[in-house]
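# Descriptive structure summary
These are the residues of each chain, in order.
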There are 2 protein chains.
Amino acid sequence: MPDSDLLPSWRPGPVRTAILEFVRSVTTPGPSFVPPPERNAAFDNDGTLWCEKPVYAQADFLLRRWKAMALADPGRAAGQPWKAVMADDQEWLAGLLEHIPDVIKGVTEAYDGITVGAFDAEVRRFFDTQRHPVLGVPYQQTGFRPMRELVGLLQASEFTVYVCSGGGRDFVRVVSPEMYGIPRQQVIGSGTTLEYRDGEVYRTRGVDEPIDDGPGKPVHIWTRTGYRPLLAGGNADGDIAMLETARLAVLIRHDDAGREFAYDAGAQRALAAAAERDWLVVSMKDDFAEVF
Amino acid sequence: MPDSDLLPSWRPGPVRTAILEFVRSVTTPGPSFVPPPERNAAFDNDGTLWCEKPVYAQADFLLRRWKAMALADPGRAAGQPWKAVMADDQEWLAGLLEHIPDVIKGVTEAYDGITVGAFDAEVRRFFDTQRHPVLGVPYQQTGFRPMRELVGLLQASEFTVYVCSGGGRDFVRVVSPEMYGIPRQQVIGSGTTLEYRDGEVYRTRGVDEPIDDGPGKPVHIWTRTGYRPLLAGGNADGDIAMLETARLAVLIRHDDAGREFAYDAGAQRALAAAAERDWLVVSMKDDFAEVF
């Protein structure tokens, strides 16, 4: 296929060219060649493969659940994160990442004691019924088309492609095949502790350490794949560790207020690292011909 | 391909027929059909895919390391498992599974603080230089040929096939591609805790809970695959939980003293469960035309 037919939702330019050159270099016999079993790529999910603003989809999913829990058991509203949900404390809720211990408590208790299959069905129901609050479409339609094309190009080039989400593995898994063409077993992410009894796997009230963010990402990638990623893509400070282990590091920059959202908050360190280490910075405004 | 050409190292009979029937039933349109993404199989490693007697290969690997550690630092010989190694306490060493806390201490300290890449190289060196103490061949040649054929048949039938070892994931990974045609990312197993810093993933002195044995196996399989196994194969009591989650459970029975080893020790509960639940019991003596 001629280059001009590849990655059609990417604008021609140095970024698209650098990606195509990289893929060619590792798939063509020569000094940079990498045999297919070692061709691996890992992409962060929120803000990299799909839209993460104004809220993470998983936060939307959890807020609904926390509200239902507090309505069913009003005593819960004495503690976070249930208190913030019931008080509609937008400031607290907007800063979820500043309240990690409370959030983890909320995450692990939200579906404590149900089977992984029942949790899967809850997530499926969320995606079947809820819409993105700004874009007005089901969350499954908020993936970035250029990134879906990149995943497809890598897979066609015999890469094994993983999602590597700071969010929940068992949340992302439910839509990853249909959204990205990435099968369930190739979703890496954070998880609650699990327990087996009598033929079923149950969620329990703990979190698997480390969570799959920051320095946890390279640990999860090794654990799950047995390789360092050949190509990694991210968009935020939590992706720095993963990006620095990859041969090609791709950093998505959210600078398109018209078609998506424009923000560098949470990515300043990553942008500085990109400049220092010559990572490939993708401007959504300049490099994406289409976004969704 | 006609049935008679499939699984050539299996003797014709009800066991081989049941396996072929099962594979046909899930791959042929009809009530038992399973779409390819959901076709998953998980096999225990020690005693199921390769020989585990007279010692686990990983035990051989560790005993050598423990001895080197105690020679370098004689104070270590005051505590287990170093004490047993230095005293050549065969009774203690033969019952490793009865000393799990000491063994875990030995496992996690043996390669504490080195990178996962350096550990990989240590394992590679072991396999390149050591031989099975009874069979006299490199450990890589102690895999069971009929099981390798079964893995291949499943892969040709669009199954994703996993090793699910109670032993170390990062140990088995090194030889799984060459021995079984199972890629590194499809090796599930126990692991030490890991830590990322400055571009590298290091082994640290802890164990990831649960270990991948007994009730830990279905937990690891879910975590790694997002599915229950369609087919699972094991040979010991530690495989019962995994086997009871599978649609087809295959239990290997070591009853061939002439060509391998004959023992039911450690498998009595599994054999009882197999009889009760109609699992498929494979007699190595009767059902394997060739063993290695």
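Above this text sits the structure in question.
Residues numbered from 1 in each chain as written. Chains lettered and ligands numbered in written order. Predicted model: local features only at pLDDT ≥ 70, side-chain atom pairs only at ≥ 80, totals over all residues. Heavy atoms only, no water.

### A few points about the relation of the copies chain A and chain B
Convention followed: In this comparison the copies share one frame, found by least squares on the C-alpha atoms of residues holding pLDDT of at least 70 in both. It only takes one pair of heavy atoms within 4.5 Å for two residues to be counted as in contact.
For the match of chain A to chain B, the screw axis carries a shift of 0.0 Å, the RMSD comes to 0.0 Å, and the turn is 180°. The superposition operator between the copies reduces to a two-fold rotation axis. Across chain A, the smallest distance between a C-alpha and the rotation axis is recorded for R224(A), namely 3.5 Å. Both copies contact each other with a shared surface, as 100% of the interface residues of chain A are interface residues in chain B too.

### Quick look at helix α5 (residues 100–110) of chain A
Here is the rule we go by: Exposed residues in this analysis have more than 50% of their type's maximum accessible area, buried residues have under 20%, and partly exposed residues fall in between, with area computed by a 1.4 Å probe over protein chains only. The secondary structure listing takes helices from DSSP runs of H or I that are at least 4 residues long and strands from runs of E that are at least 2 residues long, numbered from the N terminus.
Looking at α5(A), one finds that the buried residues are V103(A), G106(A), T108(A), E109(A) and A110(A). Residues of α5(A) that are buried in the fold lie against α2 (57–72), α3 (82–86), β4 (192–197) and β5 (200–207) of chain A.

### Examining the interface of chain A and chain B
Much of the literature gives interface size as the accessible area that the parts lose upon coming together. Applied cut-off: Once two parts are joined, some of their accessible surface, as seen by a 1.4 Å probe, is lost; buried area is that loss totalled over both. When a carboxyl oxygen of Asp or Glu is within 4 Å of a side-chain nitrogen of Lys or Arg, the pair counts as a salt bridge. We call two N or O atoms a polar contact when they sit within 3.5 Å, provided that within protein one can donate a hydrogen and the other can accept it, with sequence-adjacent residues counted only if both atoms are side-chain atoms. In this count, Pro and Cys sit with the nonpolar residues alongside Ala, Val, Leu, Ile, Met, Phe, Trp and Tyr, while Asp, Glu, Lys and Arg are called charged and the others, Gly among them, polar.
At the junction of the two partners, chain A supplies 30 residues and chain B supplies 30 residues. Surface buried jointly by chain A and chain B totals about 2,500 Å² across both partners, of which 52% is contributed by carbon and sulfur atoms. Along the contact surface separating chain A from chain B lie 2 salt bridges. Of the charged contacts in the structure, one is a salt bridge between R228(A) and E200(B), with a shortest N-O distance of 3.6 Å. Taken together, the connections running from chain A to chain B amount to 15 residue pairs in polar contact (both at pLDDT 80 or more). Among the secondary structure elements, those contributing two or more residues to the side of chain A that touches chain B are α6 (116–129), β2 (160–168), α8 (169–172), β4, β5, α10 (216–225) and α11 (240–244) of chain A. No other element matches the 6 residues that α10(A) contributes to the side of chain A that touches chain B. Considered class by class, the residues forming the side of chain A that touches chain B number 11 nonpolar, 7 polar and 12 charged.

### A short note on the packing of helix α2 (residues 57–72) of chain B against helix α6 (residues 116–129) of chain B
Residues and elements named next belong to chain B. Operational definition: Think of each axis as a best-fit line through the C-alpha atoms, taken over the contacting stretch in the case of a helix, with angles from 0 to 180 degrees between the N-to-C directions. Angles below 35 degrees are treated as roughly parallel, those above 145 as roughly antiparallel, those between 65 and 115 as roughly perpendicular, and all remaining angles as oblique.
In the contact formed by α2 and α6, the axes pass within 11 Å of each other and the chain directions differ by 105°. When the axis of α2 is compared with that of α6, the two are roughly perpendicular. Contacts between α2 and α6 involve A57, D60, F61 and R64 from the first element and F119, E122, V123 and F126 from the second. When its residues are assigned to classes, the contact of α2 with α6 shows 5 nonpolar, no polar and 3 charged.

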